Amino acid sequence: MPRSAESQPELALQGSLFGDPEPPVSAAGEADEPIDAGGDLSDAALGADAASRPRKRQATQMSSVTNEETDAQADNADENDDDQPAWAHHSQVDQSQLTPMLRHYVEVKAAHPERVLLYRLGDFFECFFEDAITLSRLLELTLTGKEGGKAIGRVPMAGIPHHAAERYCSELIRRGFSVALCDQLEATPAKGALLKRDITRVLTPGTVLEEGVDLAARCRPAFQVGGDYYDFIPTRPELIGRRRECGRWALVMGDVMGKGVPAGLLMTMLRGMLRAEVLSGLPPDRILHDLNQLAQEDLAQSHRFVTLFYSDFDPRSRRLRYANAAHNPPLLWRAQHRSIGRLDAAGLLIGLQPEAEYGLGEVLLEPGDVLLYYTDGVTEAPGMTGDRFDEARLIRTLDLACRSGQGSQGILNTLFDRLDRFVGKDHQLEDDASMVVLKVPEAVTLPSVSASSSSLTS
């Protein structure tokens, strides 16, 4: 995801892509890929597993290469593809000579050549060929090998635990990669056959929910650790694939009073509490009420308060319910009327009063509508003349961006570009600045056909 100012690190897609980790699924019984799906999946066990995987290629291919030459090859690999072995790219392998599982992997990869393909094998998502080399470098994974066939030899392989896919995919998205997840579609294969697998989810920078809504998000902290928080949480994390995507999602934006490490730690604690509350299935006003009571003691000891806007969205009905704990009201641009309004509901700061009550609002989003969540670090950002960016300037910029017909990522880029010009290239933000843009896809209008022009006759 692009950066609007090189001097200020950004955090993109801080929220969860998949919700809470799911229990591992065993692939026991698959003929060509026996994997030990049992055992301990603790951090220590995973570390031991990684340490046990070899980091070298075949001895026949590496015996004449010194350590210095190996380092030089790794440094220059991106500039000189000729130095890569024949199996370093999926397109360089004769598919007919591959094992059945790797043949299927290459077929799926050929359909998604620009995406990192994570292929489910038991308790791991594995990748092979160029994707394995890329992931081992970017994510510091162990690069190992897998037998590709008698005429092929070993091919590069790297993998991530299934239950940790959220963390690794978030990092890949943050670095600008698209990811395709090829998951298992059955628990037990037919005798002598492969498990059925297919693409169940595609993740791209700027797109979090693929069913009925386009999302882009960015946080620019004033310090290395910020107190801003946004999240995308499935309210039914036990669902998988398209059923989860079509379900109701919670969208949250919050801000802890203060900056730096103390604010960041407090928001991390609050995030855990909120994610537990989301599983209750309660409406937004009740979730904020219960969260406020749960966080009272910790917030009182820290002498801090939290603003939080909580909403949940059903992509099938396009209904968005919301409640607000004194946070900046999101701005809603209506495509039909080309006008901007605010989404707000009565409510006090989280941590202010134990028995605080919160109002509940609801709105039906139409195709083309755009919703902007933001923190006060945006509107209170000081310019070179001493003026604040303020809400009025934000509304004007949002209106122009929405009228241009851009998607959520384009709108988000426009907003941060305008903020950068206002603050000044060499000036540091005084407070964390976060924005989330939600856009409902435009409706497809088919051309009308008059009865006189029809070629059908009775």
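Note that this is a predicted model, so its numbers are computed, not measured.

**Let's talk about the confidence of the model for the protein**
Step number 1: Of the residues in the protein, 71% reach a pLDDT of 70 or more, and the chain-wide mean stands at 75.
Step number 2: Note on residues 1-43: pLDDT is under 50 here. Beyond four places in sequence and across chains, it has 132 contacts.
Step number 3: Note that residues 52-85 has pLDDT below 50 and, in this model, 28 contacts with residues that lie over four places away or in other chains.

**Looking at the pattern of salt bridges**
Step number 1: A complete count under the given rule lists 17 salt bridges for this structure.
Step number 2: We note a salt bridge from arginine 220 to aspartate 420, for which the minimum N-O separation is 2.5 Å. One end of the pair, arginine 220, is in strand E7 (residues 214-220); the other, aspartate 420, is in helix H12 (residues 408-423), with 200 residues separating them in the sequence. Of the two residues, arginine 220 and aspartate 420, neither departs from the other in class, the shared state being buried.

**Some points on the pairing of strand E14 (residues 361-364)**
Step number 1: Here E14 shows a buried face lined by Gly361 and Val363 and an unburied face lined by Glu362 and Leu364.
Step number 2: Here strand E11 (residues 319-325) runs beside E14; their pairing, made up of four bridges, is antiparallel. Looking across to E14, one finds that tyrosine 322 is bridged to glycine 361.

**Re the sheet that holds strand E8 (residues 228-234)**
Step number 1: Here five strands make up an open sheet; going across it, the order is E8-E9-E10-E11-E14 and the pairing antiparallel. One side of each edge strand has no neighbouring strand; the edge strands of this open sheet are E8 and E14. Going from strand to strand, the sheet's axes swing by 15° on average, the running direction of each strand aside.

**Focus on unusual backbone geometry**
Step number 1: Residue phenylalanine 129 is not a glycine yet carries a positive backbone phi of 55°.
Step number 2: By the element assignment, phenylalanine 129 lies in helix H5 (residues 129-138).
Step number 3: Classification of phenylalanine 129 as buried rests on a relative accessible area of 0%.
Step number 4: The phi torsion at aspartate 390 lies on the positive side, around 60°, for a residue other than glycine.
Step number 5: Mapped onto the secondary structure, aspartate 390 falls in helix H11 (residues 390-403).
Step number 6: Overall, aspartate 390 belongs to the partly exposed group, its relative accessible area being 30%.

**Section: the sheet that holds strand E13 (residues 339-342)**
Step number 1: Read across the sheet, five strands follow the order E7-E16-E15-E12-E13 without closing on themselves; strand pairing throughout is antiparallel. Lying at the two open borders of the sheet, with one neighbouring strand each, are E7 and E13. Going from strand to strand, the sheet's axes swing by 15° on average, the running direction of each strand aside.
Step number 2: As paired strands, strand E12 (residues 331-334) and strand E15 (residues 370-374) are joined by three bridges and run antiparallel to one another. Paired with leucine 331 across the two strands is leucine 372, which belongs to E15.
Step number 3: On top of the sheet, H11 reaches E12, E13, E15 and strand E16 (433-439); it is set at about 35° to E12, its chief contact.
Step number 4: Lying on the sheet, H12 is in contact with E7, E15 and E16; it crosses E7 at an angle near 25°.

**Observations regarding the environment of alanine 187**
Step number 1: As for its position among the elements, alanine 187 is in the loop between strand E5 (179-184) and strand E6 (197-203).
Step number 2: Accessibility expressed as a relative area gives 52% for alanine 187, which makes it exposed.
Step number 3: Between the C-alpha atoms of alanine 187 and glycine 122, which are 65 residues apart in sequence, the distance is 9.8 Å.

**Concerning the side chain of histidine 289**
Step number 1: Within the element layout of this structure, histidine 289 appears in helix H9 (residues 284-302).
Step number 2: Those residues in contact with histidine 289 that sit more than four places away from it in its chain are Glu355, Ala356, Glu357 and Tyr358.

**Focus: the packing of helix H4 (residues 100-111) against H5**
Helix-helix packing is described using two parameters, namely the angle between the two axes and the distance between the axes.
Step number 1: Interaxial distance between H4 and H5 falls to 10 Å at its minimum, and their mutual angle equals 80°. By the angle class used here, H4 and H5 are roughly perpendicular. Along the contact surface, H4 presents Leu102, Tyr105, Val106 and Lys109, while H5 presents Phe129, Glu130 and Asp131.
Step number 2: Across the contact of H4 with H5, the residue classes break down as four nonpolar, no polar and three charged.

Criteria and thresholds
Every residue gets a number counted from 1 within its own chain, in the order that chain's sequence is written. With the structure being a predicted model, the display of local features is reserved for residues of pLDDT at least 70 and the display and counting of side-chain atom pairs for 80 or more, all residues being used for whole-chain, interface and lining totals. As a convention, hydrogens and water are excluded, and side-chain values are obtained from all of the structure's heavy atoms. Values of pLDDT, ranging from 0 to 100, describe the predictor's confidence in every residue of the model. Throughout, a residue-residue contact means that at least one pair of heavy atoms, one from each residue, lies within 4.5 Å. Any Lys or Arg side-chain nitrogen found within 4 Å of a carboxyl oxygen on Asp or Glu counts as a salt bridge. By definition, any uninterrupted DSSP run of H or I lasting at least four residues is a helix, any uninterrupted run of E lasting at least two residues is a strand, and each is numbered from the N terminus. Buried, partly exposed and exposed residues are distinguished by accessible area as a fraction of the type maximum, computed with a 1.4 Å probe on protein chains only: under 20%, between the cut-offs, and over 50%, respectively. When DSSP finds two or more bridges between a pair of strands, those strands are recorded as paired. Fitted lines through C-alpha atoms give the axes, limited to the stretch in contact for helices. The angle between two N-to-C directions lies from 0 to 180 degrees. Roughly parallel here means an angle under 35 degrees, roughly antiparallel means over 145, roughly perpendicular means 65 to 115, and every remaining angle is called oblique. Under the convention adopted here, Pro, Cys and the residues Ala, Val, Leu, Ile, Met, Phe, Trp and Tyr are nonpolar, Asp, Glu, Lys and Arg are charged, and Gly plus all remaining residues are polar.

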